[in-house]
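# Close look at the chain arrangement
Residues per chain are reported as follows:
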Amino acid sequence: MRIAELALRSLVTAGALVVAVAAIANEPYQRTASVSLQTLATSVDAPWQLSADEVSISLNPDALAALGIRIADVVGVSARTPGVPGLRYDVATYLASGKTVLEVMHRGTGVSSIGTGSLRVAGGMLLTYPGGRVDLRGFSLQGNPTAPIGMVIADTAGAIWFTADHAHFGFDADSTNVLSVSNMNLRVSARFAAALGRQELTGYPIGNLEFRARTLALDDAGIDGGTCSAPWPAVGLTTDIQLTYSNLSGFYDSIYAPRCGLPPLPGGGACTVSSTNGKLVLGSDASLRNAGQTAVAWYSHFSSNSPPYNNDQHPYLIWNLYRVDSAGRIRQIGASGVKHAFYSVNLNCGCAGANVIWPGCDDVYSVSSNDNGGGGATQNLAPRSEIIPHTAQWGRCGSVWDADCNGQMDAGSGAQDLYQYRMQVTESDMLAPLSTGAHYYFEYWYVVRDDSNIYNTMGYREIQPQKNGANWLVNLVDANAADHDFFAGPAINRWVDPVSPPPYAMNRELATPLGRARIAVKATSLGSGQWRYEYAVMNFDYAHAAIDPAHASEPNMKLLSNHGFVRLSVPLPAGVVATNLRFDDADNDTGNDWVATSGNGAVMWTASAPGDALDWGKLNHFEFTAGAAPATNSLTLVGAATLGEGALSYALALLGPQVSGDIIFPNGFD
């Protein structure tokens, strides 16, 4: 079994992990989560002395190839899965020498920093690159002095070639003195970047680091009894998970480009210096905080049927990319699948990592974890079509992992390569002429059951994708700002601020029983009585879902469909015909574009098939020109029908061509 499986599917703290909940008569689920912990005194930092069992290094073969790095030799492994570009990571597990000791500082059951000492392995690898080599045979793991919960990989002479951060850690369920550390971003060090002649690669993530180590002796600070407890979500209580930006492990969250390949994927080869049709995979670190009053379930899929919903409930992470071009038009140019979360490390709160995030606790995920790095033994990526986003329910039965609905993960299921369910962006969308004068916004958010505020569970960063030779790098715009260019809320609010919109613009929410959307509009005078109207419709979590009656209940619920909106209609004044009709969706496939018509007192766009719907987590851009000034108007959005229910129509008062007597004021409100 891989280290990650031990560390992430069964982690508990030192001592017994007990979910202790009083039985409540006639209640569908338990109301209170309470974990009884054996904790060490929490007033000061104290040391744990660790001796390693094994160390696992997973290297992204696409990143290696892009940087001209080759694995020339691997020795002393206990297990090895050779990497294949576009298909799987190279994973090597080494046994530790057992003669070295690493000090880990903790406060209570939470790791607070890595102390002195090192963990050395007997085996290792030899890496070569144009003009040199890195000999990591007999390498050691040490604490990173510039990152409190960070590591470095050093050769036998002490030279540092990799750094690591964004760790998940905890004690194994079957051994209270075995600490597993996993899902760490493995990054190119400043020394390695200099050797490659590319200092800008310092901090570039190239893989994943994991290790298991045994505590030689606990400190003598004494054992205290402690309890982390909170009620499960219930009426009158606030459940609130907030997305944050974090440097909790010594490295701020950021955005990365793990690989770029040429179609057909994944076997089409790597992007080249001159390629423009390659598919660039983008991903990110992610951090969050439980700012609410309730515990939130964080169970790995297929791990258990647990309270409070008697299933394997967990949050889901998605990410999107938008371009605002030099003319000010917004267009979505990338959309990921769904990352199924599986574990909360519970930082800064005195609680141990577990399958619950407690109020006041922080959690981090590395880009390596979100990219589903490693050897592929643990699958966490799947399509959005399996989720009812407004309720955060997962159709486990019939999913890509459980085709036969037996409640167990099918062998060989899930993503079949390193592109499937990732966000793929076509190179030309980030190259001139489209990139000239454009701004790019990377948006990401968690879908959390019972979350009281979806808008603080999402955020975005402005990025600059840059092609350097055959390689792609991602720079954060104004990364040195106090907020590291992290903005809470959705990217559509950057296009039109809902609180302080520019002249002749509005941004309003459409709230329905089936989920929420937001529609932003800009009207621009072209002179001679002509106006250009642009509408951006962002579907956050609206879905008209159909559930299989034969599998209607969780945990083995089967979702037949979950489509969003299929029509947008904007009224026109009598005798006015819209011209220059335009439509932009999240892909470059014109075959699934909505059909635009103008006549009978309206301009309308209609999806040709249910599969072309504006589904959750996506944005469509609509545009037309009309000889009518802006005024308050009533737009119509139509939600998709299902096999058992008809289409649903929703109206929203917004800015549009004047069909009544009053012209809108420049600030967007009459």
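Before reading on, note that the structure itself is shown above.
Keep in mind that this is a model prediction, so the values were computed, not measured.

Once that is clear, we can look at the pairing of strand 13 (residues 160-165). Every regular strand shows the same layout, with side chains that alternate between the two sheet faces. Strand 13 sits mainly inside the fold: five of its six residues count as buried. Pairing analysis gives four bridges linking strand 12 (residues 147-154) to strand 13, with the strands arranged antiparallel. What sits directly across from Ala154, in strand 13, is Ile160. Remark: five residues form the turn of the hairpin made by strand 12 and strand 13, two consecutive strands paired antiparallel; Gly158 in that turn has positive phi of roughly 95 degrees. For strand 13 and strand 15 (residues 178-188), the ladder comprises four bridges, and the chain directions are antiparallel. The residue of strand 15 that forms the bridge with Phe162 is Val188.

Before going further, it helps to spend a moment on the sheet that holds strand 46 (residues 630-639). Taken in spatial order, the five strands of this open sheet run 43-44-41-46-47, and their pairing is antiparallel. Of all the strands in the sheet, just strand 43 (595-599) and strand 47 (648-657) have a single pairing partner and so form its edges. Taken over all neighbouring pairs, the strand axes of this sheet differ in orientation by 20 degrees on average, direction set aside. Of the strand pairs in this sheet, strand 43 and strand 44 (residues 602-606) are connected by five bridges, and their pairing is antiparallel.

This brings us to the side chain of Gln379. With respect to the element layout, Gln379 can be found in the loop between helix 4 (367-370) and strand 28 (381-382). Classification of Gln379 by relative accessible area gives buried; the value is 9%. There is a polar contact of 3.4 Å between the side chain of Gln379 and the side chain of Asn372. A distance of 3.1 Å separates the side chain of Gln379 from the backbone oxygen of Ala415, its partner in a polar contact. Look past the residues within four positions of Gln379 in its chain and what remains in contact with it is His301, Asn372, Trp401, Met409, Ser413, Gly414 and Ala415.

Below, the discussion takes up the environment of Ala341. Here Ala341 shows up in the loop between strand 25 (338-340) and strand 26 (356-357). You can call Ala341 buried: its relative accessible area is 2%. Residues Ala341 and Pro315, spaced 26 residues apart in sequence, show a C-alpha to C-alpha distance of 5.6 Å. Not counting the four nearest positions on each side in its chain, Ala341 is found in contact with Trp298, Tyr299, Ser300, His314, Pro315 and Tyr365.

Another point: the environment of Ser326. Take Ser326: it is sitting in the loop between strand 23 (316-324) and strand 24 (330-335). Between the C-alpha atom of Ser326 and that of Pro433, which follows or precedes it by 107 residues, the distance is 10.0 Å. With residues up to four places along the chain from it excluded, the contact list for Ser326 reads Thr436, Gly437 and Ala438.

This part is about the sheet that holds strand 45 (residues 618-626). Read across the sheet, five strands follow the order 36-37-38-45-42 without closing on themselves; strand pairing throughout is antiparallel. Two strands bound the open sheet, and with one partner strand each, they are strand 36 (505-512) and strand 42 (579-584). In this sheet, neighbouring strand axes are inclined to one another by 15 degrees on average, regardless of whether the strands run parallel or antiparallel. Across four bridges, the pairing between strand 42 and strand 45 is antiparallel. Bridging from a neighbouring strand, Phe583 pairs with Phe622 of strand 45.

Thresholds applied
- Residues numbered from 1 in each chain as written.
- Predicted model: local features only at pLDDT ≥ 70, side-chain atom pairs only at ≥ 80, totals over all residues.
- Heavy atoms only, no water.
- Buried < 20%, exposed > 50% of the residue type's maximum accessible area, 1.4 Å probe, protein only.
- Helix = DSSP H or I, 4+ residues; strand = E, 2+ residues; numbered from the N terminus.
- Pairing = 2+ DSSP bridges.
- Axes fitted to C-alpha atoms, helices over the stretch in contact; angles between N-to-C directions.
- Polar contact = N/O pair within 3.5 Å; in protein donor to acceptor, adjacent residues only side chain to side chain.
- Contact = heavy atoms within 4.5 Å.

Shape is all these values report; function is a separate question.
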